[in-house]
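Listed below are the residues making up each chain.
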Amino acid sequence: QVSAPLGRYCDLVFTFTRGSLEWYRRDGIEAEYMMFYADPAVCAPKDMPPLYDISFVGTYYPERETIVHALAQAAQRRELRFRLLGDGWDKHLLGLSLNSRFTYGGRPDYTEVLRTWHSSKVCLNIHQDGLVKLGVGANLRAYELGAAGCFMLTDHVDGMGEVIGKVGVARD
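Attention here is on the structure that accompanies the text. Treat the numbers as computed from the prediction; the structure is a model and nothing was measured. (Residues numbered from 1 in each chain as written. Predicted model: local features only at pLDDT ≥ 70, side-chain atom pairs only at ≥ 80, totals over all residues. Heavy atoms only, no water.)

**Regarding the nonpolar core**
Inference 1: Core analysis: the biggest nonpolar cluster contains 17 residues, and Cys43, Trp117, Leu145 and Cys150 have the highest contact counts within it.
Inference 2: Every element with two or more residues in this core is listed here: α5 (110-118) and α7 (140-147).
Inference 3: Looking at this core, the element that brings in the most residues is α7, giving four residues.
Inference 4: Counting residues in each nonpolar core, the second largest holds 15 residues, with Ile54, Leu71, Leu84 and Ile126 among its members. (Core = buried A, V, L, I, M, F, W, Y, C linked by side-chain atoms within 4.5 Å. Buried < 20%, exposed > 50% of the residue type's maximum accessible area, 1.4 Å probe, protein only. Helix = DSSP H or I, 4+ residues; strand = E, 2+ residues; numbered from the N terminus.)

**Notes on the pattern of salt bridges**
Inference 1: Summed over the entire model, instances satisfying the criterion amount to seven salt bridges.
Inference 2: Residue glutamate 112 is joined to arginine 83 by a salt bridge in which the shortest nitrogen-to-oxygen separation is 3.1 Å. Of this pair, glutamate 112 sits in helix α5 while arginine 83 sits in strand β4 (residues 82-85), placing them 29 residues apart in sequence. Like glutamate 112, the residue arginine 83 is buried in the burial classification.
Inference 3: Here glutamate 144 makes a salt bridge to arginine 141, at a shortest N to O gap of 2.6 Å. In this pair, glutamate 144 and arginine 141 are both assigned in helix α7, three residues apart and thus about one turn of the helix distant.
Inference 4: Through salt bridges with shared partners, a single ionic network connects Asp53, Arg81 and Lys121. (Salt bridge = Lys/Arg side-chain N within 4 Å of Asp/Glu carboxyl O.)

**Considerations on the pairing of β4**
Inference 1: Neither face of β4 is exposed, since Phe82 and Leu84 on one face and Arg83 and Leu85 on the opposite face are all buried.
Inference 2: Here strand β3 (residues 52-57) runs beside β4; their pairing, made up of four bridges, is parallel. From the neighbouring strand, isoleucine 54 faces β4, where its bridge partner is phenylalanine 82.
Inference 3: At this point the chain moves from β3, through helix α4 (residues 62-78), to the parallel β4, and the crossover so formed is right-handed. (Pairing = 2+ DSSP bridges. Right-handed = clockwise from strand over helix to strand, strands pointing away.)

Below you can see the structure in the form of structure tokens.
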């Protein structure tokens, strides 16, 4: 509800969280949902050889740690190539050995993100629990991977059907 006080000074507020529409409207603020968008011209598919079997680009959040650790360990056992990029992971990679099959790149610039996606067979997308509870639905990453023409393996959230691209949804 950080933006609600500012919304009173606007004729119309656009939000990417469906869940916040009710909050705005309850406060008498006109609001509309606007989904994320990724520009295909920026994310356009590139013909690159596959360097990684699986990649994950994302900031560390506790709900992601178990998945990333399990994937990294499985990748090492099966000799798959797993690439991890994102803030905060360096403190949470204890017990995982970095080598030619499991690499970590820290905080990337967008050129490195696109290079990683375009050279990955599968791109993993893990939504943040806090944003899902707010009703965000599909995150920006889902749209970016669709615009990039990548194969995305993702957890299920409402609104995933709005995403253009090849989407595999993992459920319990």
